[in-house]
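Notes for the structure review
Below are the chains, spelled out letter by letter.
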Amino acid sequence: MKKILFVTSEAHPLLKTGGLADVSGSLPKALAELSQDVRLIIPKYHALKTFNDVRFLCSLRVDNRQVDLLETQMPDSEVKVLLLDYPDFYGRPGNPYVDADGDSWPDNAERFALFCRIAVEVGMDRAGLDWQPDIIHCNDWQSGLVPALLSLEENPPPSVFTIHNMAYQGLFPAESIRGINLPGQLWHPDGVEFHQMLSFIKGGLVYADHITTVSPTYALEIQTPAFGYGLEGLLQHRKDDLTGIINGIDIDLWNPQDDPLIPQPYQAKTLAKKQSNKSELQQHFALPVDADVPLFGLIGRLVDQKGIDLIIDCLPEMMTMPLQFVLLGAGEKDYERRLQNIADLFADKMAVTVGYNEPLAHLIEAGADVFLMPSRFEPCGLNQMYSQRYGTLPIVRKTGGLADTVVDALPHTIADNTATGFVFNDASASSLLEAIKRTLMAYSDKKAWAKIQANAMKADFSWQYSAEQYLKLYRSL
Ligand code: ADP
Ligand code: GLC
């Protein structure tokens, strides 16, 4: 049995802004199901919800700051959660990373440096918990200083750093190294310095014993300039310590057969019942209730990564096609406004909800026929897997985890029952439009469509395989 400290800045259902929370909620649970002793550490944000008793563990003094560590448990799992309580940093309402205008909190360097320091105290068994982890598994830039700080300790446990997204690096002006009391030994171009800036992610990429990312294709892509953001050289240098392990999904939470958030449960054998969810979704968005018209859905952060501009460019032509489109998302104000404007013009074909809404996300997965995910890059992506499980066929761009989890519907993949969706290559509106037209053609052939749906619903995206990969990695370190 391995003792694993899982360091993360979000975890479903405690607090979620995106896919990192889904993974941090479900991977530790899957590891615990493989009989590992996993403890997760996370800041106690104002918006964080707990589901079990919370008890006080200890107070620690680090960097002249007095913090409390509390303990609770993940719902329906053995995984213990260590909550870092320091209200000055984490007690403010709203999003954990940005203020109401979408600007980063001005003290993010201090906030996440403190988080890293406390994770190191726990990792070195100096927090009085009488628990020494065998592995410290860090995730994304918010935990990046953990491997860096561990490198200065005597006999630290091995660390793994998982890249969920290279686009977010935790870059701060050089002056911030004073505010966080960064040990001088770490401040150099082969350390956490990046073009005279402090880079949290480099703390993970340089100092972790092993680096993983969330799909095999993305592991290759980030070693190239187009996806590496100037860190491709470092990643090439560390390629022998870099592995792509595809994310799994929580098959209990995303289960069309037993999903309390959808009106009509269904499974592959009873696929006709999916129809009630479609009508419900059409009514929810005040679209004409029509069983035959293909209903497209999209859920996601409205940012460049997700190819929202490609969709906006396609919309004039899409609105002439026999389809409906519903979208749920929030992000860049300009995207929100432009999408809303088009929806207002074509109110009988398209509807938009700006915001974050978990029940509605489940209804879209269950009620739509097609899921749009034309990402410019996608480290893994989860919605294309949720969609397949719900028999909602994804249209994806061939990048990152999308390339690794969707099999394009071509004559031979339809014939051999491996097709699970529609894949296009170029990040261009014309390439996306071509995929949409192909999808509409396939939809009009009810038999072929049902076959692809059956393949998609059969695909195994459970954590079993990937959690075993992580465990194998931990054992090898
Ligand atoms: P990313 O982490 O890049 O945002 P992923 O596909 O890995 O993308 O995961 C996104 C997760 O966040 C999914 O569980 C998705 O359903 C959820 N999500 C994104 N936007 C919303 C929203 N507006 N409302 C509800 N859930 C959302
Ligand atoms: C990131 C990526 C997404 C991935 C998620 C979980 O937010 O953008 O592709 O699925 O992390 O690993």
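These lines cover the structure that appears in this document, whether it is placed above or below. (Residues numbered from 1 in each chain as written. Chains lettered and ligands numbered in written order. Predicted model: local features only at pLDDT ≥ 70, side-chain atom pairs only at ≥ 80, totals over all residues. Heavy atoms only, no water.)

Here we take up the site of ligand 1. Every one of the 21 residues lining ligand 1 counts as a neighbour, but Lys-16, Gly-19, Asp-22, Arg-301 and Gly-355 are closest to it. One nitrogen or oxygen atom from the side chain of Asp-22 is found 2.8 Å from an oxygen atom belonging to ligand 1. The separation between an oxygen atom of ligand 1 and a polar main-chain atom of Leu-382 is 2.9 Å. Compared with its free state, where it exposes 560 Å², ligand 1 has 93% of that area covered by protein. Elements that contribute at least two residues to the shell around ligand 1 include exactly α1 (19–33), β13 (295–302), β14 (324–331) and α14 (383–389). Partitioned by chemical class, the residues of the shell around ligand 1 number seven nonpolar, nine polar and five charged. (Near = heavy atom within 4 Å. Polar contact = N/O pair within 3.5 Å; in protein donor to acceptor, adjacent residues only side chain to side chain. Areas by Shrake-Rupley, 256 points an atom, 1.4 Å probe, with all protein chains shown as cover. Helix = DSSP H or I, 4+ residues; strand = E, 2+ residues; numbered from the N terminus. Nonpolar A, V, L, I, M, F, W, Y, C, P; charged D, E, K, R; others polar.)

Let us look at the environment of Gln-66. Here Gln-66 is to be found in strand β4 (residues 65–73). We classify Gln-66 as partly exposed; its relative accessible area is 43%. Separated by 345 residues in sequence, Gln-66 and Pro-411 place their C-alpha atoms 64 Å apart. Each residue touching Gln-66, except ones within four places of it in the same chain, is listed here: Ser-59, Leu-60, Arg-61 and Tyr-86. Engagement of the side chain of Gln-66 in a polar contact is seen with the side chain of Arg-61, the distance being 3.2 Å. (Buried < 20%, exposed > 50% of the residue type's maximum accessible area, 1.4 Å probe, protein only. Contact = heavy atoms within 4.5 Å.)

Looking now at the pattern of salt bridges. According to the stated counting rule, one finds 17 salt bridges in the structure shown. Two residues, Arg-117 and Asp-63, come together in a salt bridge whose shortest N-O distance is 3.0 Å. Taken together, the positions of Arg-117 in helix α3 (residues 108–123) and Asp-63 in the loop between β3 (55–62) and β4 put the pair 54 residues apart, joining distant regions of the chain. By relative accessible area, Arg-117 is classed as buried at 16%. Looking at Asp-63, the relative accessible area reads 27%, which means it is partly exposed. The closest approach of N and O atoms between Arg-126 and Glu-121, which form a salt bridge, is 2.9 Å. Residue Arg-126 is classed as partly exposed on the basis of its relative accessible area, which comes to 38%. Relative accessible area serves as the criterion here: at 18%, Glu-121 is assigned to the buried category. Taken together, the shared-partner salt bridges in this structure form one network comprising Glu-121, Arg-126 and Glu-153. (Salt bridge = Lys/Arg side-chain N within 4 Å of Asp/Glu carboxyl O.)

Here we take up unusual backbone geometry. Leaving glycine aside, a negative phi is the common case for residues, and trans is the common case for peptide bonds. Cis geometry is found at the peptide bond from His-12 to Pro-13, where omega equals 0 degrees. Within the secondary structure, Pro-13 is located in the loop between β1 (3–7) and α1. Despite not being glycine, Asp-125 has its phi angle at roughly 55 degrees, a positive value. The backbone of Asp-140 shows a phi angle near 60 degrees, a positive value even though the residue is not glycine. Locating Asp-140 in the fold gives a position in the loop between β6 (135–139) and α4 (145–150).

A separate point is the nonpolar core. Judged by nonpolar contacts, the single largest core of 90 residues is most densely connected at Ile-41, Leu-69 and Leu-205. Sorting elements by how many residues they give to this core places α3 first, with ten residues. Once residues lying within four places of it in the same chain are set aside, the contact partners of Leu-69 are Ile-41, Phe-56, Leu-57, Cys-58, Leu-60, Leu-82, Leu-83, Leu-84, Ile-118, Val-122, Ala-127 and Leu-129. Ala-343, Val-370, Ala-429 and Ala-435 belong to the second-largest nonpolar core, a separate cluster that totals 40 residues. (Core = buried A, V, L, I, M, F, W, Y, C linked by side-chain atoms within 4.5 Å.)

By nearness alone, 14 residues border ligand 2, and His-164, Asn-247, Glu-378, Cys-380 and Gly-381 come closest of all. One of the side-chain N or O atoms of His-164 is found 2.7 Å from an oxygen atom in ligand 2. Take Cys-380: an N or O atom from its main chain is 3.0 Å from an oxygen atom of ligand 2. Alone, ligand 2 offers 310 Å² of accessible surface; in the complex the protein occludes 93% of this.

Mapped onto the elements, Gly-191 comes out in the loop between α5 (176–179) and β9 (193–194). With a relative accessible area of 0%, Gly-191 lands in the buried category. Taking the C-alpha atoms as reference points, Gly-191 and Tyr-207, 16 residues apart in sequence, are found 8.0 Å from one another. Leave out the neighbours within four places in its chain, and Gly-191 touches Leu-186, Lys-202, Val-206 and Tyr-207.

Our next topic: the pairing of strand β7 (residues 159–163). Most of β7 sits out of view: five of its five residues are buried. Side chains Ser-159, Phe-161 and Ile-163 of β7 all project onto a buried face; the interleaved residues Val-160 and Thr-162 project onto the opposite face, where all are buried too. By the bridge criterion, four bridges tie β6 to β7 in an arrangement that is parallel. The residue of β7 that forms the bridge with Ile-136 is Ser-159. The handedness of the β6 to β7 crossover, carried by α4, is right-handed. Bridge count between β7 and strand β11 (residues 210–213): four bridges; the pairing is parallel. Within β11, the residue paired with Val-160 across the bridge is His-210. (Pairing = 2+ DSSP bridges. Right-handed = clockwise from strand over helix to strand, strands pointing away.)

Note on placement: Ser-24 falls in helix α1. In this structure Ser-24 comes out as buried when scored by relative accessible area, which is 0%. At a separation of 3.2 Å, a polar atom in the side chain of Ser-24 contacts the main-chain carbonyl oxygen of Glu-10. Setting aside anything within four residues of it in sequence, one finds Ser-24 in contact with Phe-6, Thr-8, Glu-10, Ala-11, Leu-40 and Met-74.

Negative charge collects at one region of the surface, where Glu-33, Asp-76, Asp-252 and Asp-258 lie side by side. Of note, Asp-258 is situated in the loop between β12 (242–244) and α10 (274–284). On the accessibility criterion, Asp-258 (54% relative accessible area) is exposed. (Patch = residues over 30% accessible without salt bridge, like charges linked within 9 Å, V, L, I, M, F, W, Y side chains within 5 Å. Lys, Arg positive; Asp, Glu negative; His and termini not counted. Charge placed at Lys NZ, Arg CZ, Asp CG, Glu CD.)

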